[in-house]
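Geometric and topological summary
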Amino acid sequence: MLYPLTFKPILKSVIWGGSRICPFKGITPTQDGIGESWELSHVDGNFSIVAEGELANKSLDELIKTYGKELVGGKVMERFGSRFPLLIKFIDAHDNLSIQVHPNDELAKARHNSFGKTEMWYVIKADKGAFLYSGFSQQIDKDEYVKRVADNTIMDVLKKYDVSEGDVFFLPAGRVHAIGSGCFIAEIQQTSNITSRIYDYNRRDKNGNLRELHTELAKDAIDYTLYPDYRTHYKAQADAAVNLADCKYFTTNLIDLDVDMTRDFEELDSFVIYICMGGSATLTDGSGYEIPVRQGQTVLIPANNKKVTIAPAPKAKFLESYIK
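What comes next concerns the included structure. Source: prediction; values computed, not measured.

Moving on to the overall build of the protein chain. Assigned secondary structure in the protein chain consists of seven helices and 21 strands. At 20 Å, the protein chain has a C-alpha radius of gyration in line with the 20 Å of a compact globule built from 324 residues. Pairs at least 24 residues apart make up 75% of the contacts formed inside the protein chain by residues separated by at least 6 positions. Summing over all exposed atoms, the protein chain offers an accessible surface of approximately 14200 Å²; the carbon and sulfur share of this is 46%. One finds the centroid of the 38 positive side-chain charges in the protein chain at a distance of 3 Å from the centroid of its 44 negative side-chain charges.

Below, the structure is given as structure tokens:
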């Protein structure tokens, strides 16, 4: 029987990683240098493993092969096949990440036989002075882009944002972006590991070599449209589902509770993901199955479950994501 599922985190040790992921998730002993925790993944070589219950130690891949549309939803399977379509991460940047762009579905399919990568960020914590880049600050074209990468002036035309807790950025495929030092974020993205590196501050790897740039690949992937603002603006509201992102790849809501809330998914043909951003709660599904959830945990609600009651203890904050 399917029930609300939690998974073992896949921790990624990287040169720019920080020290916040383990304490946030309650993992001991604390490990430094952890840049990412993949909470829910169907990326090849990084399949999430069920942590608890009758299905413990089964992989997400095994679950999809066994349960199919009961787990992910009929419409979701029609669109995405047997690949779970979302990847959920926590990211802790102790140093600046490279300037990047991700291709859209069409380009990713043609070049990499992969999904594209539209994503969003929710800032969990930010050090004083923390920042990130999203989009351009002035209009440029492909030729100017190539020239600016070559002469190290690409940073001059990127839009830089100082960030704080609760900030949200929606990043459609094609948007140039980078996470800056001091940012601790939750990321919801398409299941894709395709990244084109545009600029990396002339940093060298452990062997003293400049890190590879993907100038030509990125040139065709970039959306050069100039927008007045790349930050997502929303009004926080207690005990309500506040929409943060709504696109064909995912819908994400912020739910900040100090009273019980029941979510009805009768009209939805999709799994639902809950990422606990703070506090703790008990989730109860439509059949009465209860699961305790604490800060830093991610729960996958199967698509055949049409009702979830969230009981905060005494407060809890979640990101809720699904596919319409």
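Residues Thr 28 and Pro 29 are joined by a peptide bond in cis, for which omega reads -10°. Tracing the sequence through the fold places Pro 29 in the loop between α1 (21-25) and β3 (34-40). The omega torsion across Ala 313 and Pro 314 is -10°, close enough to zero to call that bond cis. Of note, Pro 314 is situated in strand β21 (residues 307-322). Of note, the phi angle at Asn 57 is positive, near 75°, even though the residue is not glycine.

Here we come to the pattern of salt bridges. Under the definition given, this model contains 19 salt bridges. Two residues, Asp 220 and Lys 142, come together in a salt bridge whose shortest N-O distance is 3.2 Å. Pair noted here: Asp 220 is in helix α7 (residues 215-221) and Lys 142 is in helix α6 (residues 142-150), with a separation of 78 residues, a long-range link. Residue classification places Lys 142 among the partly exposed positions, given a relative accessible area of 37%. One salt bridge connects Arg 263 with Glu 320, and the closest N-O pair in it is separated by 2.7 Å. Of the two residues, Arg 263 is situated in strand β17 (residues 261-264) and Glu 320 in strand β21; the sequence distance between them amounts to 57 residues. Of the residues examined, Glu 320 reaches a relative accessible area of 0% and is grouped as buried.

Turning our eyes to something else, we now look at the pairing of β21. The pairing of strand β16 (residues 251-257) with β21 spans seven bridges and is antiparallel. Following the sheet pairing, Thr 252 is matched in β21 by Ser 321. Pairing geometry for β17 and β21, over four bridges, is antiparallel. From the neighbouring strand, Met 261 faces β21, where its bridge partner is Ile 310.

As a further point, take the state of the cysteines. Summed over the entire model, instances satisfying the criterion amount to zero disulfides. Looking at Cys 276, it has no disulfide partner, and the nearest cysteine sulfur is the one in Cys 22, 17 Å off.

As a further point, take the side chain of Glu 320. In this structure the side chain of Glu 320 is engaged in a polar contact, spanning 2.7 Å, whose partner is the side chain of Arg 263. Once you skip the residues sitting within four places of it in the chain, Glu 320 turns out to touch Thr 251, Thr 252, Asn 253, Ile 255, Arg 263, Phe 265, Val 272, Ile 273 and Tyr 274.

As a further point, take the sheet that holds strand β11 (residues 168-171). In space, the six strands of this open sheet follow the order β2-β3-β6-β13-β8-β11, with antiparallel pairing throughout. Two strands in the sheet have a free side with no partner beyond their single neighbour: β2 (10-18) and β11. Pairwise comparison of adjacent strand axes, ignoring direction, gives a mean angle of 20° for this sheet.

What follows deals with the pairing of strand β20 (residues 298-301). Of the two faces of β20, both are covered, the one formed by Thr 298 and Leu 300 as well as the one formed by Val 299 and Ile 301. In this sheet, β20 lies alongside strand β18 (residues 272-285) in antiparallel orientation, the contact comprising four bridges. By the bridge assignment for β20, Ile 275 is matched with Thr 298.

Turning our attention to α6. Since there are 3.6 residues in each turn of an α-helix, residues three or four apart along the chain are aligned in direction. Here α6 has its buried residues at Tyr 145, Arg 148 and Val 149. Around the axis of α6, the buried residues are gathered within 100° of arc, so they sit on the same side. Exposed and oriented more than 90 degrees from the buried face of α6 are Asp 143, Lys 147 and Ala 150. Looking at the buried side of α6, the elements it contacts are β14 (196-199) and α7. Between the side-chain oxygen at the start of α6 and the backbone nitrogen of Asp 143 there is a gap of 3.3 Å, and the oxygen is on Asp 141. Asn 152 sits one or two positions beyond α6 and adopts a positive phi of about 65°.

So, how was this worked out
- Residues numbered from 1 in each chain as written.
- Predicted model: local features only at pLDDT ≥ 70, side-chain atom pairs only at ≥ 80, totals over all residues.
- Heavy atoms only, no water.
- Helix = DSSP H or I, 4+ residues; strand = E, 2+ residues; numbered from the N terminus.
- Rg over C-alpha atoms; globule rule 2.2 N^0.38 Å.
- Contact = heavy atoms within 4.5 Å.
- Areas by Shrake-Rupley, 256 points an atom, 1.4 Å probe, with all protein chains shown as cover.
- Lys, Arg positive; Asp, Glu negative; His and termini not counted.
- Charge placed at Lys NZ, Arg CZ, Asp CG, Glu CD.
- Salt bridge = Lys/Arg side-chain N within 4 Å of Asp/Glu carboxyl O.
- Buried < 20%, exposed > 50% of the residue type's maximum accessible area, 1.4 Å probe, protein only.
- Pairing = 2+ DSSP bridges.
- Disulfide = S-S within 2.5 Å.
- Polar contact = N/O pair within 3.5 Å; in protein donor to acceptor, adjacent residues only side chain to side chain.
- Axes fitted to C-alpha atoms, helices over the stretch in contact; angles between N-to-C directions.
- Arc of directions from axis to C-beta.

Function cannot be read off these values alone, since they describe shape.
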